[in-house]
Amino acid sequence: MITEEPMNHKTNSSLASPIILIVDDVPENLGLLHESLDQSGYTVLVATDGMSAIEIAHQYQPDMILLDGNMPQIDGFECCIQLKISPITQNIPIIFMTGLTETEHIVKGFKAGGIDYVTKPLNIEEVLVRVNTHLTHAKRLFQQQQIIDMSDIAILALNHNGEIIWKTTRAEQLLQNLQINYPILEKYIQKWFLQIDNHLHPANLLNSHIDIASERFQLKLLTPKPNEKPHNYLVQIKKSIPNTQDILKHCKELTQREAEVMHWLILGKTNKDIAEILDLSPRTVNKHLEHIFEKFAVETRTAAVSLVVNLCQK
């Protein structure tokens, strides 16, 4: 059941008032919440069962869902799980409304994907404060995501369980090109988060390395981990050691052979090692290094390595 026909949320970005979907099979709760939210300036949609809620959420993509946990057929927990599975509705904040106040039900709501809960009988003032707080947070996250996407940096957003919520275009390309297994990456990040939580000096663990698909990556935690409630985190991911193609892409002044020499130089190989690997004479390797130093206006191997690594990580 829909109480009104608002304009489509996706095609009308000028719509000023946030859209709130209320899902409850008790008419008294619906009426009370509808009136209060409407008076507070929200556009209100109503569903009386889980299946209708899923359908309406996909059609209108509300800014938030207030979801009753205890409903017949598909209960609120299963409804939430279905909404979080769908890429169309997975980012919509969901607040549970429940009379089930035992810890196991509260935990069940968070595990299903809820961000908060309010207990029945509802305190309308409390509900309105929580709605406003989470809408503000969601808007801020969306704005941050847009800014980060524009930065062309490989960044992952993760929930408190270390699960990937979204990723920038650059991160998507990086993981796809190397065919990274997401569950393996998430499992490593979860272990990393646990180390940070249990370590006396977590600042020493804000940077980490992981080897996947014959590549080494550096992970850098960009947001602090709080001591209390669930939180979202931003993690930058980048290849620690650029390969020859990376070097050619970001250092267009180098030749193919110079890029190959530079790659092995970054790996700490000596001139003699590089000569053997590339089947060259040590004198030829020295010549390539002279050309590299000249092109980058540097005088040492260390300076050349630092410059190329920084260029490849931009």
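Conventions we followed
- Residues numbered from 1 in each chain as written.
- Predicted model: local features only at pLDDT ≥ 70, side-chain atom pairs only at ≥ 80, totals over all residues.
- Heavy atoms only, no water.
- Helix = DSSP H or I, 4+ residues; strand = E, 2+ residues; numbered from the N terminus.
- Buried < 20%, exposed > 50% of the residue type's maximum accessible area, 1.4 Å probe, protein only.
- Contact = heavy atoms within 4.5 Å.
- Areas by Shrake-Rupley, 256 points an atom, 1.4 Å probe, with all protein chains shown as cover.
- Core = buried A, V, L, I, M, F, W, Y, C linked by side-chain atoms within 4.5 Å.
- Pairing = 2+ DSSP bridges.
- Axes fitted to C-alpha atoms, helices over the stretch in contact; angles between N-to-C directions.
- Parallel < 35°, antiparallel > 145°, perpendicular 65-115°, else oblique.
- Left-handed = near helix turned anticlockwise from the far one by under 90°.
- Salt bridge = Lys/Arg side-chain N within 4 Å of Asp/Glu carboxyl O.
- Polar contact = N/O pair within 3.5 Å; in protein donor to acceptor, adjacent residues only side chain to side chain.
- Expected span 1.5 Å × (residues − 1).
- Arc of directions from axis to C-beta.

Novice: Tell me about the overall build of the chain, and name the residues and values.
Specialist: If you tally the helices and strands in the chain, you get twelve helices and ten strands. For the chain, with 314 residues in total, the buried portion stands at 42%. Nonlocal contacts in the chain, meaning residues at least 24 apart in sequence, comprise 55% of its contacts between residues at least 6 apart. Accessible surface, the chain as shown: approximately 17400 Å² in total, 51% of it carbon and sulfur.

Novice: Summarise the nonpolar core; cite the residues concerned and give the values.
Specialist: Core analysis: the biggest nonpolar cluster contains 22 residues, and Ile247, Val261, Met262, Ile292, Phe296 and Val308 have the highest contact counts within it. The set of elements that each furnish at least two residues to this core consists of helix H8 (244-250), helix H9 (256-266), helix H10 (271-277), helix H11 (282-296) and helix H12 (301-312). Apart from residues lying up to four places away in sequence, isoleucine 292 is in contact with Leu254, Glu258, Val261 and Met262. Counting 21 residues, the second largest nonpolar core, distinct from the first, contains Ile54, Ile56, Cys80 and Ala112.

Novice: Residue-level account of unusual backbone geometry, with values.
Specialist: Residue proline 121 follows lysine 120 across a cis peptide bond; omega there is 0°. By the secondary structure assignment, proline 121 is in the loop between strand S5 (116-119) and helix H5 (124-150). For glutamine 61, which is not glycine, the phi dihedral falls at a positive 45°.

Novice: So what's going on with the sheet that holds strand S2 (residues 43-47)? Which residues, and what values?
Specialist: Working definition: the strands of a sheet are paired by backbone hydrogen bonds and lie parallel or antiparallel to each other. Strands sit in the order S2-S1-S3-S4-S5 across an open sheet of five strands; the sheet is parallel. At either margin of the open sheet sits one strand with a lone partner, and together these are S2 and S5. Each strand axis lies, on average, 20° off the axis of its neighbour in the sheet, ignoring direction. Examined bridge by bridge, strand S1 (residues 19-23) and S2 share five bridges and lie parallel to one another. Bridging from a neighbouring strand, leucine 21 pairs with leucine 45 of S2. Across the sheet, helix H2 (residues 50-60) touches S1, S2 and strand S3 (64-68), and the angle it forms with S2 is around 145°. Along the sheet, helix H3 (residues 76-85) makes contact with S3 and strand S4 (94-98), crossing S4 at roughly 175°.

Novice: I'd love a proper account of the packing of H11 against H12, names of residues and values included.
Specialist: Direction vectors running N to C along H11 and H12 enclose 60°, while the axes themselves pass 10 Å from each other. Judged by the angle between their axes, H11 and H12 are oblique. Handedness of the crossing formed by H11 with H12: left-handed. Between H11 and H12, the residues in contact are Leu289, Phe293 and Phe296 and Arg301, Ala304, Leu307 and Val308, respectively.

Novice: Let's hear about the pattern of salt bridges: which residues, and what values?
Specialist: Counted under the stated rule, the structure contains eight salt bridges. A salt bridge links lysine 167 to glutamate 172; its shortest N-O distance comes to 3.9 Å. Three or more residues are tied together by salt bridges with common partners; here these are Asp24, Asp68 and Lys120.

Novice: Got a sec to walk through H2? Specific residues and values, please.
Specialist: Buried within H2 are the following residues: Gly50, Ser52, Ala53, Ile54, Ile56, Ala57 and Tyr60. Regarding H2, its N-cap is aspartate 49, as a side-chain oxygen of that residue lies 3.1 Å from the backbone nitrogen of methionine 51 further along. Where H2 ends, the next residue or the one after it, glutamine 61, has phi of about 45°, a positive value.

Novice: An account of the side chain of serine 17 is requested, with residue identities and associated values reported.
Specialist: Within the secondary structure, serine 17 is located in the segment before S1. A residue is classified by how much of its surface remains accessible, and serine 17, at 18% relative accessible area, is buried. Here the side chain of serine 17 touches threonine 43 through a polar contact of 2.6 Å, side chain to side chain. Setting aside its immediate chain neighbours within four residues, serine 17 contacts Gly41, Tyr42 and Thr43.

Novice: How would you summarise helix H7 (residues 182-198) if you had to cite specific residues and measurements?
Specialist: Between its first and last C-alpha atoms H7 spans 24 Å; for 17 residues at 1.5 Å apiece the expected length is 24 Å, and the two agree. Within the sequence span of H7, burial applies to Leu185, Glu186, Ile189, Trp192, Phe193 and Ile196. Viewed along the axis of H7, the buried residues span an arc of 120°, placing them on a single side of the element. Pointing more than 90 degrees away from the buried face of H7 are the exposed residues Pro183, Lys187, Lys191, Leu194 and Asn198.

Novice: How would you summarise the pairing of S1 if you had to cite specific residues and measurements?
Specialist: When you tally the buried positions in S1, you get five out of five residues, the bulk of the element. On S1, burial covers both faces: Ile19, Leu21 and Val23 on one face and Ile20 and Ile22 on the other are all buried. Both S1 and S3 contribute to a ladder of four bridges, which runs parallel. Note on S3: the bridge partner recorded for isoleucine 22 is leucine 66.

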